[in-house]
Amino acid sequence: MFEKLNTMRKKTLILLIVMWIVVLVMSVCLFISGFKFEYSMRRVIEVVALIPLLVMSTLHKNIYHKYVSKFRESFYQEILGKNEYQLSFLEEVQISLNDVKNWGILPNVIGVFCNNGIIGSKNGISFQMCQMDITGKRRIEGPSAWFHGLYIILDLKENVRGTVHVRTPENLHMEQAGNLYSIFHLNLPKVQTKAWFDEMISVYADNEEVVDKLLTEDRMHHLVKLHQHFRNRLWIGFVDGQMHIALNEIKTFFQSPLMSAVNEHLLERQKENIKELKLLMDEMIESH
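Predicted model only: the values in this text are computed from it and were never measured.

Enquirer: Talk me through the overall build of the chain; I want residue IDs and the actual numbers.
Expert: What the chain contains, in helices and strands, is 9 helices and 9 strands. By residue count, 45% of the 288 residues in the chain fall in the buried class. For the chain, the share of sequence-separated contacts (at least 6 apart) that also reach a separation of at least 24 residues comes to 70%. As displayed, the chain has an accessible area near 15400 Å², and 57% of this comes from carbon and sulfur atoms.

Dropping the structure here:
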């Protein structure tokens, strides 16, 4: 696996470097030649000099994508287990800014960027995930680009319509700090559940019946276990028969760097990075 990927990586890297050098030289030569002409003609030539750069950007994306596809197909399925999770990588992620705002799992959202999409299933439970970056309005604490991590949507066996947000004290502190004058983003009423659960986690929902159906005692134990492990990095909620999990993580998953050799060291490092993701996924699937 490593030898074939490394060979493809080197060929892709060399090809892109050579192509960029040729295109840059071409554009610079065109730009310099423009100084021989009068102002109006010089402006036309400067615009023409940008065309090779735009074309090369598209070619770069297509050439790199071929390597990325092969890398994902062999490398990450080696880590996550093709037979265990039935993984498929997505060309485009169909999650919009309005989707994330309407779900309400993450607060303080004004910009959303998703890539590295994946769909899969385990034990009959389907899921999708993507690498997500979120920017928010100016916050009292921390930068506006406050979330970089994984967003996971897991189909539930309970086909229940309604919204339930699960918040730890750490979640609520971040949510409060992220809104001017400490106005909470949450607009759902708080719901009482089991006394032992309410001591650690707050529940907000649009319907108490939905809470009773979704938050079984077994699932509550799974949620507590996850929040104790991930602390304030984890945001969880339920929306219309799906479970939403957002994991704020400084690591970048599912990348395929051209400059780094594909070897056992990279494999082990990525296995370590994804260990927590597997813990999260397996815990949620077991909660069914």
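Enquirer: Residue-level account of a nonpolar patch on the surface, with values.
Expert: A surface patch of nonpolar side chains, amounting to about 570 Å² of accessible area, comprises Phe37, Met41, Val44, Val48, Ile51, Val55 and Leu59. One can find phenylalanine 37 in the loop between α1 (2-33) and α2 (39-80).

Enquirer: Give me the lowdown on unusual backbone geometry, citing residues and values where you can.
Expert: Of note, asparagine 116 is a non-glycine position whose phi angle comes to about 50°, a positive value. Inspection of the secondary structure assignment puts asparagine 116 in strand β2 (residues 111-122). Judged by its relative accessible area of 10%, asparagine 116 is buried.

Enquirer: I'd love a proper account of the pattern of salt bridges, names of residues and values included.
Expert: Oppositely charged side chains can form a pair if their charged atoms are brought close together. For the structure on display, the rule yields 6 salt bridges. Its salt-bridge partner being arginine 43, residue glutamate 46 comes within 2.5 Å of it at the nearest N-O pair. One end of the pair is glutamate 46 and the other is arginine 43, both in helix α2 and 3 residues apart, which spans about a single turn. For glutamate 249, the salt bridge identified is with arginine 233, shortest N-O distance 2.6 Å. Residue glutamate 249 is found in the loop between β9 (242-248) and α9 (264-286), and its partner arginine 233 is found in the loop between α8 (217-230) and β8 (234-239); the two are separated by 16 residues along the sequence.

Enquirer: Residue-level account of the nonpolar core, with values.
Expert: By size, the foremost hydrophobic cluster in this structure holds 55 residues, and its most contacted members are Phe75, Leu154, Leu223, Phe238, Met243, Ile245 and Leu280. In terms of residues, this core owes the most to one element, α9, which gives 8 residues. Residues within four places of methionine 243 in sequence aside, it is in contact with Ile152, Ile153, Leu154, Leu156, Leu223, Ile236, Gly237, Phe238 and Met284.

Enquirer: Talk me through the packing of aromatic side chains; I want residue IDs and the actual numbers.
Expert: Considering all chains together, one arrives at 4 aromatic pairs under this definition. On the numbers, 5.7 Å between centres and 85° between planes, the contact of phenylalanine 31 with phenylalanine 35 is edge-to-face. Owing to a relative accessible area of 37%, phenylalanine 31 belongs among the partly exposed residues under this scheme. Taking the relative accessible area as the measure of exposure, phenylalanine 35 reaches 51% and is therefore exposed. Summarising the aromatic geometry, the rings of tyrosine 67 and phenylalanine 71 are spaced 5.8 Å apart at their centres and angled 50° between planes, so their arrangement reads as tilted. With tyrosine 67 and phenylalanine 71 both in helix α2 and 4 residues apart, the pair spans about one turn of that helix. One exposure class covers both tyrosine 67 and phenylalanine 71, and it is buried.

Enquirer: Can you explain α8? Please cite residues and give values.
Expert: With 14 residues, α8 should cover 20 Å at 1.5 Å per step; its first-to-last C-alpha distance of 20 Å lies within 8% of that length. Looking only at α8, the buried set comprises Arg219, Met220, His222, Leu223, Val224, Leu226, His227 and Phe230. Once α8 finishes, arginine 231 follows within two positions and takes phi at roughly 55°, a positive value.

Enquirer: Explain the side chain of glutamate 249 to me, and be specific about the residues and the numbers.
Expert: Overall, glutamate 249 belongs to the buried group, its relative accessible area being 6%. Setting aside residues up to four positions removed in sequence, glutamate 249 forms contacts with His148, Gly149, Arg233 and Glu276.

Enquirer: I'd like a rundown of the pairing of strand β7 (residues 202-205), residues and numbers included.
Expert: Burial of β7 is two-sided: the residues Ser202 and Tyr204 facing one way and the residues Val203 and Ala205 facing the other way are all buried. Here strand β5 (residues 163-167) pairs with β7 via 4 bridges, running antiparallel. Across the sheet, the residue bridging to valine 164 is alanine 205, located in β7. Pairing between strand β6 (residues 190-191) and β7: 2 bridges, direction antiparallel. Bridge pairing in β7 links lysine 190 to tyrosine 204.

Enquirer: Tell me about the packing of α8 against α9, residues and numbers included.
Expert: Look at α8 against α9: their axes get within 9 Å of each other, and the N-to-C directions meet at 165°. Between α8 and α9, the angle falls in the class roughly antiparallel. α8 and α9 meet at a crossing whose hand is left-handed. Side by side, α8 and α9 meet where Asp218, His222, Leu223, Lys225, Leu226, His229 and Phe230 of the first sit next to Glu276, Leu279, Leu280, Glu283, Met284 and Glu286 of the second. Of the residues belonging to the contact of α8 with α9, the class tally is 6 nonpolar, 2 polar and 5 charged.

Parameters at a glance
Residues numbered from 1 in each chain as written. Predicted model: local features only at pLDDT ≥ 70, side-chain atom pairs only at ≥ 80, totals over all residues. Heavy atoms only, no water. Helix = DSSP H or I, 4+ residues; strand = E, 2+ residues; numbered from the N terminus. Buried < 20%, exposed > 50% of the residue type's maximum accessible area, 1.4 Å probe, protein only. Contact = heavy atoms within 4.5 Å. Areas by Shrake-Rupley, 256 points an atom, 1.4 Å probe, with all protein chains shown as cover. Patch = residues over 30% accessible without salt bridge, like charges linked within 9 Å, V, L, I, M, F, W, Y side chains within 5 Å. Salt bridge = Lys/Arg side-chain N within 4 Å of Asp/Glu carboxyl O. Core = buried A, V, L, I, M, F, W, Y, C linked by side-chain atoms within 4.5 Å. Phe/Tyr/Trp six-rings, centres within 6.5 Å; stacked < 30°, edge-to-face > 60°. Expected span 1.5 Å × (residues − 1). Pairing = 2+ DSSP bridges. Axes fitted to C-alpha atoms, helices over the stretch in contact; angles between N-to-C directions. Parallel < 35°, antiparallel > 145°, perpendicular 65-115°, else oblique. Left-handed = near helix turned anticlockwise from the far one by under 90°. Nonpolar A, V, L, I, M, F, W, Y, C, P; charged D, E, K, R; others polar.

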